[in-house]
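If you want the building blocks of each chain, they are given just below.
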Amino acid sequence: MFPGNQGDQERRLDNLFGAYRDACVAPEASVNFMPILWQRIESRQKFSFSFRRMARGVVTAAIALTLAMTLYLAAPRSAVLSGFGTYVDVLAASHNSENSDLYETVRYDLGSSPDEL
Amino acid sequence: MLVEFDVIKRAQSGDGAAFNEVVLAYRKRILGTIARLIARPEDVEDVAQEVFLRLYFSLDQLRTAEVFEPWLYRLTVNASYDYLRKQRRRMESRMSDLSEQQVVMADAAAGGKVDQERQEQKRIRETVDALLGAVSEDDRILLTLKEVEGLSLKELEKIYRVNENALKVRLFRARQRVLKAFGATARQTEGKGSVKTG
């Protein structure tokens, strides 16, 4: 850089940018500019429409699947509960039926003397 | 504004004729800006169509008339950035090539076989493109918008959505880099001239 004439350089650069502006003539649009633009708009619209429709289908399918899974998981569990009761009940029932001879009730006759027993 | 806000409002509500009117009003300006930003004439129209395509699909977000032009510029700058990113194209001209090109152009002009004015314009375009190649792509676009398109700092503020001071700093640094490259070119040209004449 030439420190002494920086102002001069700045001015020359500004002039060069000005000349560049004039030298860059804006290109003329072709006759197909508008038809192609509308084609692109329509194809983008079609794409976004079909994408939206697909997305809506996926969401609906997901909701349906969720509901089906919920029903599937809920139904067997309720059957178990209504048929057999709680885990403790089931355990007690099976215990009673299998070992009833071991746990037979001891009867005490409170009227008799201890010697009779 | 090159069109009434009423026309834009009609375009917003889906009136195709109104949208056509907006495109026709701004088309030339947008083509010119893109031509300067991407420096590749064969792709200018394609990028311009992308700008208007984006405009069409985002027009419903526009609320006030004042922001329309900066907004359209923003779409233009973004579409140009996207194009440049896709192409991964850097300015091919380097400072070392510049003098060579100038010599070739000078020889052609001296031959008197080509239109001098057109050659001069081409030389200027190549010189500035090469100078702007000395800065980053971001700074090149910013400098082009400021120095060539003649946008004010206020307009740039709206386009870039950054404060004026940050823009001033960026512009100053970019301009300094271009000035440095400009000085080097001038020295090189003078050097060649002195060798030739001496």
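Residues numbered from 1 in each chain as written. Chains lettered and ligands numbered in written order. Predicted model: local features only at pLDDT ≥ 70, side-chain atom pairs only at ≥ 80, totals over all residues.

Colleague: Can you help me understand the overall build of chain B in this one?
Modeller: In terms of regular secondary structure, chain B is built from nine helices and zero strands. For chain B, the N- to C-terminal ordering of α and β elements is α-α-α-α-α-α-α-α-α. (Helix = DSSP H or I, 4+ residues; strand = E, 2+ residues; numbered from the N terminus.)

Colleague: Just to check I follow, could you spell out the overall build of chain A for this structure?
Modeller: Within chain A, the regular secondary structure consists of three helices and zero strands. In sequence order, chain A lays out its α and β elements as α-α-α.

Colleague: Explain the interface of chain B and chain A here, please?
Modeller: A common way to report how large an interface is uses the accessible area buried once the components associate. Contacts between the two partners involve 28 residues from chain B, matched on the other side by 23 residues from chain A. For the side of chain B that touches chain A, the elements supplying multiple residues, two or more each, are helix H2 (16-38), helix H3 (41-58), helix H6 (116-132), helix H7 (137-148) and helix H9 (164-197) of chain B. For the side of chain B that touches chain A, the residue count by class is 15 nonpolar, six polar and seven charged. (Contact = placed C-beta atoms within 7 Å. Nonpolar A, V, L, I, M, F, W, Y, C, P; charged D, E, K, R; others polar.)

Colleague: Would you take a moment to explain the nonpolar core for this structure?
Modeller: Looking at soluble globular proteins, one finds that nonpolar side chains tend to be buried together. Core analysis: the biggest nonpolar cluster contains 47 residues, and Ile-34, Ala-48, Leu-131 and Val-178 of chain B have the highest contact counts within it. With 11 residues, H2 of chain B is the single largest residue contributor to this core. No fewer than three residues from each of domain 1 (5-87) and domain 2 (95-197) of chain B sit in this core. Residues within four places of Val-178 of chain B in sequence aside, it is in contact with Leu-13 of chain A together with Leu-131, Leu-132, Ala-134, Val-135 and Leu-143 of chain B. (Core = buried A, V, L, I, M, F, W, Y, C linked by C-beta atoms within 7 Å. Buried ≥ 20, exposed ≤ 12 C-beta atoms within 10 Å, placed from the backbone. Domains from an automatic or database assignment.)

Colleague: What should I look at first to understand H7 of chain B in this one?
Modeller: An α-helix turns once per 3.6 residues; consequently, residues spaced three or four apart project the same way. For H7 of chain B, built from 12 residues, the straight-helix expectation of 16 Å at 1.5 Å per residue is met to within 8% by its first-to-last C-alpha distance of 15 Å. Within two residues after H7 of chain B, Gly-150 of chain B carries a phi angle of roughly 75°, on the positive side. (Expected span 1.5 Å × (residues − 1).)

Colleague: What should I look at first to understand the environment of Arg-173 of chain B in this one?
Modeller: All names here are of chain B. Looking at the secondary structure, you find Arg-173 in helix H9. Overall, Arg-173 belongs to the exposed group, with 12 C-beta atoms counted inside 10 Å. As for Arg-173 and Asp-139, which are separated by 34 residues in sequence, their C-alpha atoms are 8.9 Å apart.

Colleague: Is there a simple way to explain the packing of helix H1 (residues 5-12) of chain B against H2 of chain B in this structure?
Modeller: Helix-helix packing is characterised by the crossing angle of the two axes and by the distance between the axes. All names here are of chain B. Across the interface, H1 lies against H2 with an axial gap of 7 Å and an inter-helix angle of 130°. By the angle between their directions, the pair H1 and H2 is classed as oblique. As for how H1 packs across H2, the hand of that crossing is left-handed. Residue-level inspection shows Val-7, Ile-8, Arg-10 and Ala-11 of H1 in contact with H2, the latter providing Ala-18, Phe-19, Glu-21 and Val-22. (Axes fitted to C-alpha atoms, helices over the stretch in contact; angles between N-to-C directions. Parallel < 35°, antiparallel > 145°, perpendicular 65-115°, else oblique. Left-handed = near helix turned anticlockwise from the far one by under 90°.)

Colleague: Explain the packing of H3 of chain B against helix H4 (residues 68-87) of chain B here, please?
Modeller: Residues and elements named next belong to chain B. For the pair H3 and H4, interaxial distance at closest approach is 9 Å and the crossing angle is 130°. The angle between H3 and H4 places the two elements in the oblique class. The chirality of how H3 crosses H4 is right-handed. From H3, Asp-43, Val-47, Glu-50, Val-51, Arg-54 and Leu-55 reach across to H4, where they touch Leu-72, Leu-75, Thr-76, Ala-79, Ser-80 and Tyr-83. Looking at the contact of H3 with H4, its residues break down into seven nonpolar, two polar and three charged.

Colleague: Hey, could you run me through the confidence of the model for chain B in this one?
Modeller: Detailed reading of the predicted coordinates is not advisable wherever pLDDT is low. For chain B, per-residue confidence averages 82 on the pLDDT scale, and 81% of positions sit at 70 or higher. Scored as a complex, the prediction yields pTM 0.66 and ipTM 0.71. (pLDDT = per-residue confidence, 0-100.)

Colleague: Help me understand the confidence of the model for chain A in this model?
Modeller: When the pLDDT values of chain A are averaged, the result is 77; 69% of them are 70 or greater. Element-level pLDDT for chain A is lowest in helix H3 (residues 87-98) of chain A, with a mean of 71, against a maximum mean of 87 in helix H1 (residues 6-23) of chain A.

Colleague: Looking at this structure, how should I read the environment of Ser-136 of chain B?
Modeller: Residues and elements named next belong to chain B. Position of Ser-136 relative to the elements: it lies in the loop between H6 and H7. The exposure class of Ser-136 is exposed, given the 12 C-beta atoms found within 10 Å. A C-alpha to C-alpha distance of 9.9 Å links Ser-136 and Arg-177, two positions 41 residues apart in sequence.

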